[in-house]
Structures are given as C-alpha cells and as structure tokens.
Amino acid sequence: MFSSETIEQLFARFLAEGDETALEQLLRRCSPALRRLARRHGARGDDADDLVQETLLRAMCAWESFQPGSNLRAWLFRILTNAFINGYRKRRRHQRRQR
C-alpha cells in the first residue's frame, strides 16, 4: 500500500518534481493524524479538513525552513497548532469588535 519512502522523501519528491503520486501517498499517510490533531483542538467536520488543508499549504510554502533529518510529522503538527491558534485569536478579535 505504501512505498518504502519516508514522508520526508515523499514531500521532497513532490516539491522537486511535482510528482502527484508522491503527494497522494503523503496525504494518505499524514492527513488522518493531522485531522485527529485538528479535532483535538476543537475543529469539527469541514473546519478540521480546512485546517489540515491550510497546514499542508503552509508547509509547501515554507519547505525551505524544514530542517532535513528532523521529524516532518512534528513540523506539520506545529504548523497545524500555530494555524489553529492564529485562527482562534482572529475569531476572538472579531468577536470583540462586534460587541
């Protein structure tokens, strides 16, 4: 089912070559764990999926900041957590302005 490549290798192959099969494999491996984390943060349904999508987009945009040899899952989890916190703060600011 999965190739023998690590998720780091799959991500690098997708970014370098635009290999869609590498992206599909990466998503199959990482999305369930990212979705669980999003739900633990309180996101539900489509909000959890949106948070996962935003996380992957931010990761692709910031790939050069990833340290080779470090844990890609931990890096993605940190990006998701930061995106959740930023969204939470934005919603709170918006709610305060509406009062």
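Only a predicted model underlies this, so the values are computations on that prediction, with no experimental measurement involved.

K.L.:
Looking at this model, I keep getting lost on the overall build of the protein. Mind explaining?
P.N.:
Across its full length, the protein holds four helices and zero strands. Ordering the α and β elements of the protein from the N terminus gives α-α-α-α. Here the C-alpha coordinates of the protein stretch approximately 55 × 25 × 20 Å along the principal axes. The buried share of the protein, reckoned over its 99 residues, is 33%. Pairs at least 24 apart in sequence give 53% of the contacts found in the protein among residues at least 6 apart. Approximately 6700 Å² of the protein is accessible, and the part contributed by carbon and sulfur atoms is 49%. Across the protein, 19 positive and 12 negative side-chain charges occur, with their mean positions spaced 14 Å apart.

K.L.:
For this particular structure, what's the right way to read the nonpolar core?
P.N.:
Soluble globular proteins tend to pack their nonpolar side chains together in the buried interior. Counting residues in each nonpolar core, the largest one holds 25 residues, and the members touching the most others are Leu26, Leu34, Leu51, Leu72, Trp75, Leu76 and Leu80. Every residue in contact with Leu76, bar those within four places of it in the chain, is listed here: Cys30, Leu34, Thr55, Leu56 and Ala59.

K.L.:
Looking at this structure, how should I read helix H2 (residues 20-40)?
P.N.:
Counted at 1.5 Å a residue, the expected span for H2 with its 21 residues is 30 Å, and the 29 Å between its end C-alpha atoms agrees. Along its length, H2 reaches its greatest deviation from straightness, about 40 degrees, at Cys30, and the proline Pro32 lies no more than four positions downstream. Here H2 has its buried residues at Ala22, Leu23, Gln25, Leu26, Arg29, Cys30, Ser31, Ala33, Leu34, Leu37 and Ala38. Directly beyond the C-terminal end of H2, a positive phi value near 110 degrees is found at Gly42.

K.L.:
What's the story with the packing of helix H1 (residues 7-17) against H2 in this structure? I'm lost.
P.N.:
How two helices sit against one another is set out by the angle between their axes and by the gap between those axes. Viewed as axis vectors pointing N to C, H1 and H2 meet at an angle of 145 degrees, and their least axial separation amounts to 8 Å. Considering the relative orientation of H1 and H2, their crossing is left-handed. Every residue of H2 that contacts H1 at Ile7, Leu10, Phe11, Arg13 and Phe14 is listed here: Thr21, Ala22, Leu23, Gln25, Leu26, Arg29 and Cys30.

Parameters and conventions
Residues numbered from 1 in each chain as written. Predicted model: local features only at pLDDT ≥ 70, side-chain atom pairs only at ≥ 80, totals over all residues. Heavy atoms only, no water. Helix = DSSP H or I, 4+ residues; strand = E, 2+ residues; numbered from the N terminus. Buried < 20%, exposed > 50% of the residue type's maximum accessible area, 1.4 Å probe, protein only. Contact = heavy atoms within 4.5 Å. Areas by Shrake-Rupley, 256 points an atom, 1.4 Å probe, with all protein chains shown as cover. Lys, Arg positive; Asp, Glu negative; His and termini not counted. Charge placed at Lys NZ, Arg CZ, Asp CG, Glu CD. Core = buried A, V, L, I, M, F, W, Y, C linked by side-chain atoms within 4.5 Å. Expected span 1.5 Å × (residues − 1). Bend = angle between axes of the 7 residues up to and from the residue. Axes fitted to C-alpha atoms, helices over the stretch in contact; angles between N-to-C directions. Left-handed = near helix turned anticlockwise from the far one by under 90°.

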